[in-house]
Amino acid sequence: MKTNKKTFLTLLMATLILWTMCVSVYASDTGTGISPRLDNCHDASMVFSVLDPGVAHFAVDYNGNAATFTQAKLTVTFQKKFLGLFWRKVDIGTTNNEWVGYCTDLRGSFYDTVTMDGTGTYRANFTLEIYGTSGTTDVIEKTIECKYN
């Protein structure tokens, strides 16, 4: 009788182990890729386009966390593709050819236009830093490419 119980329990455990190894784990994909853990900011969106002759438009919107947000800093650099492979910084007439802005609004935005030098493929490299009272800084980086003919 003891052998039958041991055999039954062994088969039951083996079946459970095999069943758990065959069960798939599903994860939901929101289509936005990996979402970072942010302390001082809920979300941010960035837009870049070259629509007018020689003028690029960019905008950044963010929603800060009311419990910790203190300030947002945006740094944008612009590059133009040359020789089909390489990227070169575009001279926008600022220090280090970087556009830098600060905002202390909890739900803030940045918008500006910069002069570009003709047709080609451009890209904007955004670095949004959200500072908070906790001592941590949320850094959100994004690169957007745009072709202007």
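Bear in mind the structure is a predicted one, so any value in this text is a computation, not a measurement.

Quick notes on the sheet that holds strand β6 (residues 107–115)
Reasoning step 1: Taken together, three strands build an open sheet; the order of strands is β1-β2-β6 and the sheet is antiparallel. At either margin of the open sheet sits one strand with a lone partner, and together these are β1 (41–52) and β6. Within the sheet, the average angular offset between the axes of one strand and its neighbour, ignoring direction, is 10°.
Reasoning step 2: The sheet contact formed by β1 and strand β2 (residues 55–64) spans ten bridges and is antiparallel. Among the inter-strand pairings, Met-46 is bridged to a residue of β2, identified as Val-60.

Considering the pattern of salt bridges
Reasoning step 1: The tally for this structure, following the rule as stated, stands at one salt bridge.
Reasoning step 2: Taking the shortest distance from any N to any O, the salt bridge between Asp-117 and Lys-80 comes out at 3.6 Å. Of this pair, Asp-117 sits in the loop between β6 and β7 (120–132) while Lys-80 is found in strand β3 (residues 69–82), placing the two residues 37 residues apart along the sequence.

Details of the nonpolar core
Reasoning step 1: Ranked by internal contacts, the top residues of the largest apolar core, which has 30 residues, are Phe-48, Phe-78, Phe-126 and Leu-128.
Reasoning step 2: At the level of elements, β1, β2, β3, β5 (98–103), β6, β7 and β8 (137–148) are the ones that each hand at least two residues to this core.
Reasoning step 3: Apart from residues no more than four positions distant in its own chain, Leu-128 is found in contact with Ala-44, Met-46, Val-60, Tyr-62, Ala-72, Lys-73, Leu-74, Phe-110, Asp-138, Val-139 and Ile-140.

Quick look at the environment of Asp-138
Reasoning step 1: Mapped onto the elements, Asp-138 comes out in strand β8.
Reasoning step 2: Judged by relative accessible area, which is 4%, Asp-138 ranks as buried.
Reasoning step 3: Spatially, the C-alpha atom of Asp-138 lies 6.6 Å from that of Asp-39, the residues being 99 residues apart in sequence.
Reasoning step 4: Among the polar contacts made by the side chain of Asp-138, one reaches the main-chain amide nitrogen of Asn-40 at a distance of 2.5 Å.
Reasoning step 5: One polar contact links the side chain of Asp-138 to the main-chain amide nitrogen of Cys-41, over a distance of 3.1 Å.

Section: the packing of aromatic side chains
Reasoning step 1: Following the criterion strictly, the structure yields eight aromatic pairs and no others.
Reasoning step 2: When the centroid spacing of 5.0 Å and the interplanar angle of 80° are considered together, the rings of Phe-58 and Trp-99 count as edge-to-face. Residue Phe-58 is located in strand β2, and its partner Trp-99 is located in strand β5; the two are separated by 41 residues in the primary sequence.
Reasoning step 3: On the basis of relative accessible area, Trp-99 is assigned to the buried category, the value being 14%.
Reasoning step 4: Geometrically, the ring pair formed by Phe-82 and Phe-86 is tilted, given 5.9 Å between the ring centres and 40° between the ring planes.
Reasoning step 5: The exposure class of Phe-86 is partly exposed, given its relative accessible area of 45%.

A closer look at the pairing of strand β4 (residues 86–89)
Reasoning step 1: One ladder, built from four bridges, connects β3 with β4; its direction is antiparallel. Paired with Phe-82 across the bridge in β4 is Phe-86.
Reasoning step 2: In this antiparallel pair of consecutive strands, β3 and β4, the connection spans three residues, and Leu-83 shows a positive phi of 55°.

Looking at a nonpolar patch on the surface
Reasoning step 1: Residues Phe-8, Leu-9, Leu-12, Met-13 and Leu-16 make up a contiguous nonpolar surface patch of about 510 Å² in total accessible area.
Reasoning step 2: The residue Met-13 is located in helix α1 (residues 2–22) in this model.

Some words on the confidence of the model for the protein chain
Reasoning step 1: Per-chain confidence: the protein chain averages 84 in pLDDT, with 89% of residues scoring 70 or above.
Reasoning step 2: Within the protein chain, the lowest mean pLDDT, 77, falls on α1, and the highest, 93, falls on β5.

Calculation notes
- Residues numbered from 1 in each chain as written.
- Predicted model: local features only at pLDDT ≥ 70, side-chain atom pairs only at ≥ 80, totals over all residues.
- Heavy atoms only, no water.
- Pairing = 2+ DSSP bridges.
- Helix = DSSP H or I, 4+ residues; strand = E, 2+ residues; numbered from the N terminus.
- Axes fitted to C-alpha atoms, helices over the stretch in contact; angles between N-to-C directions.
- Salt bridge = Lys/Arg side-chain N within 4 Å of Asp/Glu carboxyl O.
- Core = buried A, V, L, I, M, F, W, Y, C linked by side-chain atoms within 4.5 Å.
- Buried < 20%, exposed > 50% of the residue type's maximum accessible area, 1.4 Å probe, protein only.
- Contact = heavy atoms within 4.5 Å.
- Polar contact = N/O pair within 3.5 Å; in protein donor to acceptor, adjacent residues only side chain to side chain.
- Phe/Tyr/Trp six-rings, centres within 6.5 Å; stacked < 30°, edge-to-face > 60°.
- Patch = residues over 30% accessible without salt bridge, like charges linked within 9 Å, V, L, I, M, F, W, Y side chains within 5 Å.
- Areas by Shrake-Rupley, 256 points an atom, 1.4 Å probe, with all protein chains shown as cover.
- pLDDT = per-residue confidence, 0-100.

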